[in-house]
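Observations on chain architecture
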Amino acid sequence: MQHAFSYTGLAAIIAGGILSMFPLWKSATLSPDSIERRVYWTGCAVGTPLLFLSQLPAWPQGLFFAIGTAVALLAIAFQWTNHIKINGRIYSVFNNNRRPDRPPALAPVDDE
């Protein structure tokens, strides 16, 4: 049973990482950057607890493993992406990742 949790957790994290590179759907209210951000953090939020469960009944080892994974995912998001956005401000190491979000793909175009 532990192998199923570990493989599913890794698959969720990898799928979240890969699918966050491409907007999965278009929206009139959400920007493509916001969609990518939500997909990445959903994969992380599903995968990290599954990795914890994969180590049961040795829960201290599972807790260490899950916290280490969460810190690594946070470091990856901070280093290479614009996926850390708190109170409308994007946190990233590089300036090119701190740009404002693109407009929604299906937003109406203003003709002036």
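Presented here is a report on the structure given in the accompanying data block. (Residues numbered from 1 in each chain as written. Predicted model: local features only at pLDDT ≥ 70, side-chain atom pairs only at ≥ 80, totals over all residues. Heavy atoms only, no water.)

1. Here we look at the overall build of the protein
Basically, it comes down to this: Only DSSP runs of H or I reaching four residues or more are called helices, and only runs of E reaching two or more are called strands; each is numbered from the N terminus. We take the radius of gyration over the C-alpha atoms and set the globule estimate at 2.2 Å times the residue count to the 0.38 power. Here, Shrake-Rupley sampling with a 1.4 Å probe gives the accessible areas, and only protein chains in the shown set may cover a residue.
When helices and strands are tallied, the protein shows three helices and two strands. In the protein, the order of α-helices and β-strands from amino to carboxyl end is α-α-α-β-β. Computed over the C-alpha atoms, the radius of gyration of the protein is 17 Å, more than 25% above the 13 Å expected from 2.2 N^0.38 for a compact globule of 112 residues. When the backbone C-alpha atoms are referred to their principal axes, the protein occupies close to 65 × 25 × 20 Å. Total accessible area on the protein stands at roughly 7500 Å², and carbon and sulfur atoms take up 68% of it.

2. Concerning the side chain of Arg 37
Keep this limit in mind: Summary of the burial criterion: residues with accessible area below 20% of their type's maximum are buried, those above 50% are exposed, and those between are partly exposed, where the area comes from a 1.4 Å probe applied to protein chains only. Pairing of N or O atoms within 3.5 Å defines a polar contact, subject to two protein rules: one partner must be a possible hydrogen donor and the other a possible acceptor, and residues neighboring in sequence count only if both atoms are side-chain atoms. Contacts are residue-level and defined by heavy atoms, with any inter-residue pair within 4.5 Å sufficient.
By secondary structure assignment, the location of Arg 37 is in helix H2 (residues 32-53). Given a relative accessible area of 9%, Arg 37 falls into the buried group. Of the polar contacts made by the side chain of Arg 37, one reaches the backbone oxygen of Asn 82; its length is 3.2 Å. Each residue touching Arg 37, except ones within four places of it in the same chain, is listed here: Asn 82, His 83, Lys 85, Ile 90 and Asp 101.

3. A short note on the nonpolar core
Basically, it comes down to this: Nonpolar cores are built from buried Ala, Val, Leu, Ile, Met, Phe, Trp, Tyr and Cys residues. Side-chain atoms within 4.5 Å join them into one set.
Core analysis: the largest hydrophobic core is formed by seven residues, namely Ile 13, Tyr 40, Cys 44, Leu 51, Leu 73, Ala 77 and Ile 84. Elements with a contribution of two residues or more to this core: H2 and helix H3 (59-80). Looking at this core element by element, the count peaks at three residues for H2. Among all residues touching Tyr 40, those that are not within four sequence positions of it are Gly 16, Gly 17, Ser 20, Leu 73, Ile 76, Ala 77 and His 83.

4. A word on the pattern of salt bridges
Convention followed: Basic side-chain nitrogens of Lys or Arg form a salt bridge, by our definition, when they fall within 4 Å of a carboxyl oxygen of Asp or Glu.
Enumeration according to the criterion identifies four salt bridges in this entry. Residue Asp 101 pairs with Arg 37 through a salt bridge whose shortest N-O separation is 3.0 Å. Taken together, the residues Asp 101 in the segment after strand E2 (89-91) and Arg 37 in helix H2 connect sequence positions 64 residues apart. Linking Asp 101 and Lys 85 is a salt bridge whose minimum nitrogen-to-oxygen distance equals 2.9 Å. On the criterion of sequence distance, the pair formed by Asp 101 in the segment after E2 and Lys 85 in strand E1 (residues 84-86) is long-range, its members being 16 residues apart. Among the residues examined, Asp 101 registers a relative accessible area of 22% and is labelled partly exposed. In this structure Lys 85 comes out as partly exposed when scored by relative accessible area, which is 36%. A network of salt bridges, in which partner residues are shared, links Asp 33, Glu 36 and Arg 102.

5. Let's talk about a nonpolar patch on the surface
Rules: Patch definition: residues above 30% relative accessible area lacking any salt bridge, with like charges linked at up to 9 Å and the nonpolar side chains Val, Leu, Ile, Met, Phe, Trp and Tyr linked at up to 5 Å.
A cluster of nonpolar side chains, Leu 10, Ile 14, Ile 18, Leu 19, Met 21, Phe 22, Leu 24 and Trp 25, forms an exposed patch at the surface whose accessible area comes to about 810 Å². Using a relative accessible area of 51% as the deciding quantity, one classes Ile 14 as exposed.

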